[in-house]
Amino acid sequence: MSEENIAFKSFYYSLGTTSFRMQNFNQKIEQQLDLLNQFWQKPEYTNEKWESNESVQEAYYNFIKERGFLKDGEAPRKAKDARQKTSGMRDIGLIDDNRRLTDVGKKLLEISKNGDFSSDNFLQIPKDSFIYFQQLLKTYIAIDKDTGIRPFVLLARLLKNFNYLNKEEFMYLFPLCISRETTKFIESKLYDFRGKGISVDDIVTEIFMQQQNYKDALDFFISEKIVTEETFCRVGLNRKSKNYDRAYLPLYNAIKVVYFDGDNSTKEILNLYEASDIGNVKTHWRKFLFKTSSSASIKKSPLTHLQLANMFSNLGDEVEFKTVFFKTMHLIKIKKTLEDYFDLNRRYLKISDTLLFADEQVKFDVIPKYYFSLLTDEFYNLAFEKSDKVAELQTLEEISPFLKLDEAKLLKAINKDNKTSFSQIADIKQFVADERTERFNKLIDEKFSDTQLIYILQLISKRADKEIQELVTDDADIPTIFEYILGIAWYKISERKGDILSFMNLSLEADLLPKTHAGGGEADLVFQYEAENGYPKHTLLIEATLADSTNQRRMEMEPVSRHLGEYMLAHKDLDSYCVFITNFLHINVISDFRNRRKMEYYGGRNGEEVINGMMITPLENELLIAILQKGVKYPQLYRLFHELQESPLAPKEWYADLKEKIALLK
């Protein structure tokens, strides 16, 4: 048997590349489209090719590095890094092989530059998301010259058949569907997995053991009378260097001693623990072998924490032991790779804003769910066919005639399930908005308690950015997250009155977490209050910044007053004021905002419109935290802010008085 016969061959896929995990996904795509557009306009590169041209690729790396797109240190291979950072955009048709913007990429860049992401489609998703949706329907991943898959179409098929995929199914089984045959096999197993408790591990193992190279490798492994490092280099089927598999020999020997030979001495169990320290798969191995992940506990009492009953227990002979070890080794390798792919697949598929990733499940949002449920099985044949139009702007019908919207059937399906009586697509808008508001309130209850909001705001005060993104989302930058958290906090302070999703003038994913666009961080929070016992009908603009000192004076003094002034000119019949929130307030910012109450604001081309004074109340983040800690509600704040508006105190003393009065609120 030649070594070539048992070489690695892929039987799973991912969108994008693990070498470039893009946080702030939408923002990074929009920024790179803009940077590529600028780069190719430079005279020295206008007529250059990208492919097989490392000097141009390296020049692009330096170009985006100089413009602040890259935050890390110098890449050891700049050309390779440039290819990795652009390959995902090529895969979904935003740029071509030579990294020039396609018509699709140009359209997305135009939307980004205009800053108008509002919905203009029947799915009620932002217009840029609708373009991504169309692109994902065409995106094809080649496995080999004869095999490939359109992941989004495949996922739509699975969601139509099963309504949802749980996290394990999406992570470990969805990427294994690379052909009609494997898809049908996994679908049949999914029914068994859900109904009869068959494990994902069993399904994954069964699939890779159907591959000829794995069968050959196992036969070779069993035939080896003496197992050596070279044996594992041969049977490890490593995607990269075979030398990585040398580390399996000590583990193989240690497992054999403890389980097959039955030596449960302290020395051998500790040797097993040390031998299981294999790169990025050690956590998986130790989960199979030990009851705890605590190194101290295992070293203190090895036998107590050894998994006595696992796949290595009670094996009959060495052939059976080798078979189990081989399958376990490859199961762990494959699962670790698929776990790496999970984040990539999730990020790419999420940009369509048609999918919900929540409660350990992935499923379609409301309208996409009904839309895809109505499509015939013929449409789903597209999952296994390559599109040659991925770089072209196409309507849904041009992508496939089966995608033509049947408005009557869609309305009938929605009305039947929800006991509604919509007569046209436009009527669904409020239905979708109500469903989103309900989900948003559920999200707040589950993820953003007052205690959690206070903790996140404290982290924002410290600028613990990494932890903030871990708690909220890494698809938005910190200024956007700050506005999002402020919106939720003020909504709770306001006792959840009003249409919070329209108040938060932010871009949200389908999961209702924030996302940042290339021009992000500029949205206002606009709370509209109906008359209540405690305040009249009015509007509150909340402006926020994380800029400090001189930057705060330069960046915020003019924009905040301009935003409020323009809003008041546009809504002359409304009583409106502004609250400005930041980590640290510069004294001259306080002074400027206080003195705006006696200053004119002129609007119109020639200043023919005028506002005679405006109210801007500045607050430091620590005061908002105190308000949340005390459980103070908005009517109290409204009265306090307006009572202090006419205070004769100078700005510095006025702000000190505001802090004291907030401290006294109950």
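How each quantity is defined
- Residues numbered from 1 in each chain as written.
- Predicted model: local features only at pLDDT ≥ 70, side-chain atom pairs only at ≥ 80, totals over all residues.
- Heavy atoms only, no water.
- Core = buried A, V, L, I, M, F, W, Y, C linked by side-chain atoms within 4.5 Å.
- Buried < 20%, exposed > 50% of the residue type's maximum accessible area, 1.4 Å probe, protein only.
- Helix = DSSP H or I, 4+ residues; strand = E, 2+ residues; numbered from the N terminus.
- Contact = heavy atoms within 4.5 Å.
- Pairing = 2+ DSSP bridges.
- Phe/Tyr/Trp six-rings, centres within 6.5 Å; stacked < 30°, edge-to-face > 60°.
- Expected span 1.5 Å × (residues − 1).

Some points on the nonpolar core
And step 1. Counting residues in each nonpolar core, the largest one holds 146 residues, and the members touching the most others are W285, F325 and F372.
And step 2. Of the residues forming this core, the biggest block, 14 residues, is contributed by helix α17 (residues 318-350).
And step 3. Other than its neighbours up to four places away in sequence, F372 contacts F133, L137, F152, A156, K160, F364, F379 and Y380.
And step 4. Grouped together as the second largest cluster of nonpolar side chains are 79 residues, Y484, M504, V526 and Y529 included.

As for the sheet that holds strand β3 (residues 165-166)
Paired through their backbone hydrogen bonds, the strands of a sheet run either parallel or antiparallel.
And step 1. Here three strands make up an open sheet; going across it, the order is β3-β5-β4 and the pairing antiparallel. Of all strands in the sheet, those with a lone pairing partner are β3 and β4 (355-358), marking the two edges.

Focus on the packing of aromatic side chains
Each aromatic ring pair is characterised by the separation of its centres together with the angle its planes make.
And step 1. Throughout the structure, instances matching the rule amount to 55 aromatic pairs.
And step 2. Ring geometry for F133 and F372: centres 6.0 Å apart, planes at 75°, overall edge-to-face. A residue pair is termed long-range when its members are at least 10 positions apart, and F133 in helix α5 (residues 127-138) and F372 in helix α18 (residues 366-373) qualify at 239 residues. Judged on exposure class, the residue F133 and its partner F372 are both buried.
And step 3. Considering the side-chain rings of W285 and F312, the 6.5 Å spacing of their centres and the 15° angle between planes classify their relative orientation as stacked. Here W285 is found in helix α14 (residues 282-289), whereas its partner F312 is found in the loop between α16 (302-305) and α17, with 27 residues between them in sequence.

A closer look at the side chain of T328
And step 1. In this structure, T328 sits in helix α17.
And step 2. Discounting chain neighbours no more than four positions away, the residues touching T328 are W285, F288, M311 and F312.

Re unusual backbone geometry
And step 1. Even without being a glycine, L237 presents a positive backbone phi close to 50°.
And step 2. Within the fold, L237 resides in the loop between α11 (229-235) and α12 (248-260).
And step 3. Accessibility expressed as a relative area gives 7% for L237, which makes it buried.
And step 4. If you check the backbone angles, D353 has positive phi at about 55° while not being a glycine.
And step 5. Relative to the elements of secondary structure, D353 occurs in the loop between α17 and β4.
And step 6. Using a relative accessible area of 5% as the deciding quantity, one classes D353 as buried.

Considerations on helix α2 (residues 54-66)
And step 1. Taking 1.5 Å per residue as the helical rise, α2 with its 13 residues ought to reach 18 Å, and the 18 Å between its terminal C-alpha atoms agrees with that figure.
And step 2. Inspection of α2 places V56, Q57, A59, Y60, Y61, F63 and I64 among the buried residues, and these make up the whole buried set.
And step 3. Its buried side turned inward, α2 meets α1 (25-41) and α3 (78-91).
And step 4. With its phi angle positive at about 80°, G68 sits one or two positions after the end of α2.

Some words on the pairing of strand β5 (residues 361-364)
One face of the sheet, then the other: side chains in a regular strand alternate in exactly this way.
And step 1. Every second residue of β5 is oriented toward a common face, the buried set being V362 and F364 and the non-buried set Q361 and K363.
And step 2. Note: β3 against β5, two bridges, orientation antiparallel. The residue of β5 that forms the bridge with L165 is V362.
And step 3. Here β4 runs beside β5; their pairing, made up of four bridges, is antiparallel. Note on β5: the bridge partner recorded for F357 is V362.

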